[in-house]
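Coordinate inspection notes
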Amino acid sequence: MPIDVDDAALRRLLQLQDQDTRIRRLQERRSSLPEAAALASARDRIAELDSDIAIARKQLDDLRHAQSRIEDGIATLEDRIGREEKRLFSGSVANPKELSSLQAEVDMLRRTRSTREDELLEVMVQREQVEAALGELERERAAAAERAGSLETEVGRLTGDIDAELREASGLRATIASQLPGELVTEYERVRDAKGGIGAARLQGGTCQGCHTRLPAGEVERLKREGGLQRCDNCRRLLVVTPA
Ligand SMILES: [Zn+2]
């Protein structure tokens, strides 16, 4: 049995469905913007880089401290070597045993200094490597931040456009809904929510445009004869049948 509504209401019901479909597509588009996904991954990359940069800065700090500790050690050794050599060559020590022990001391200090100098070189090489890596990370971070900035602008612009269109569609929808019987709107919404967003569809060429199923010829004939608002036998959506 057809649901008793006039032709104007039938047209409005389809318009209501059009606006709901439009709203749903806009919402889907808004939540799946490729630019927003790109922005999210740019932000993830920035977070990763920030963590790598923090690690590199800490390493650099440690290496600077190590370097100045070794430099201080070398300076102390040089002082001692200077003092011992002065004693060695001043003639103030005459005892041969004492002299040879002093010479051994100076040799030992020089070997230690040489070891410390090798360590210093090693630390300076490491420091250069970390500085270069840090520079590279900072350049990459700056590029990622720039990319994130322009994506943010783009996402803002696109979202703003979609929101404006959503406001327009919602306004139109409210107007259309207000001109339909409340019970019909309620029933339409119930079916729409249960049926993936499509509550009302047109019967076109014997096919329900809601489930895209071709209805049996006898059924189509009956629907057309009765006209008005029916239900699709297959999907139970509200079916707008243009009278034959
Ligand atoms: Zn159907």
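Chains are numbered independently. Their residues run from 1 in the order of the written sequence. It should be noted that, the model being predicted, local features are given only for residues of pLDDT at least 70 and side-chain atom pairs only at 80 or more, the latter also being counted only at that level, while totals for whole chains, interfaces and linings use all residues. Note: side-chain values were computed over all heavy atoms of the structure, leaving out hydrogens and water.

Digging into the domain arrangement of the protein
What counts is decided by this rule: For every domain, the bounds stem from an assignment made automatically or drawn from a database. Contacts are assigned to residue pairs with any non-hydrogen atoms lying within 4.5 Å of each other. Buried area adds together the accessible area that both of two parts lose upon being put together, with accessible area traced by a 1.4 Å probe. In what follows, salt bridge is the name for a side-chain nitrogen of Lys or Arg lying within 4 Å of a carboxyl oxygen of Asp or Glu. In the analysis that follows, any N or O atom pair within 3.5 Å is treated as a polar contact, provided that within protein one partner can donate a hydrogen and the other can accept it, and provided that, for residues neighboring in sequence, both atoms belong to side chains. Only DSSP runs of H or I covering at least 4 residues are called helices, and only runs of E covering at least 2 are called strands; the numbering of each starts at the N terminus.
Looking at the assigned domains, one finds that the protein contains domain 1 (1–28 + 181–244) and domain 2 (33–180). Taken over C-alpha atoms, the centre of domain 1 sits 65 Å from the centre of domain 2. On the side of domain 2, 12 residues touch domain 1, which itself brings 18 residues to the contact. Of all residues in domain 1, Arg12, Arg22 and Leu26 bury the most surface against domain 2, accounting for 41% of the area lost on that side. Counting the contacts that link domain 1 with domain 2 gives 4 salt bridges. At the boundary of domain 1 with domain 2, the tally comes to 5 residue pairs in polar contact (both at pLDDT 80 or more). Of all the secondary structure elements, the ones that give two or more residues to the side of domain 1 that touches domain 2 are helix H1 (7–31) and helix H4 (182–194). A total of 11 residues in the side of domain 1 that touches domain 2 trace back to one element, the largest contributor, which is H1.

Examining the sheet that holds strand S2 (residues 207–208)
Pairing between sheet strands relies on hydrogen bonds along the backbone, with the strands arranged either parallel or antiparallel. For clarity, the cut-off: Criterion used throughout: strands pair if DSSP finds at least two bridges between them. Where helices are involved, their axes are fitted lines through C-alpha atoms of the stretch in contact, as for all axes, and angles between N-to-C directions lie from 0 to 180°.
Strand order in the open sheet formed by 5 strands is S3-S2-S1-S5-S4, and the pairing between neighbours is mixed. Every other strand in the sheet has two partners, leaving strand S3 (213–214) and strand S4 (228–231) as the edge strands with one partner each. Strand direction decides the pairing type here: S4 and strand S5 (residues 238–241), joined by 4 bridges, are antiparallel. Bridge assignment links Arg231 to a residue of S5, and that residue is Leu238. Sitting on the sheet, H4 is in contact with strand S1 (200–204), S4 and S5, with an inclination near 35° to S4. Helix H5 (residues 217–226) rests against S1, S4 and S5 of the sheet, and its axis sits at about 150° to S4.

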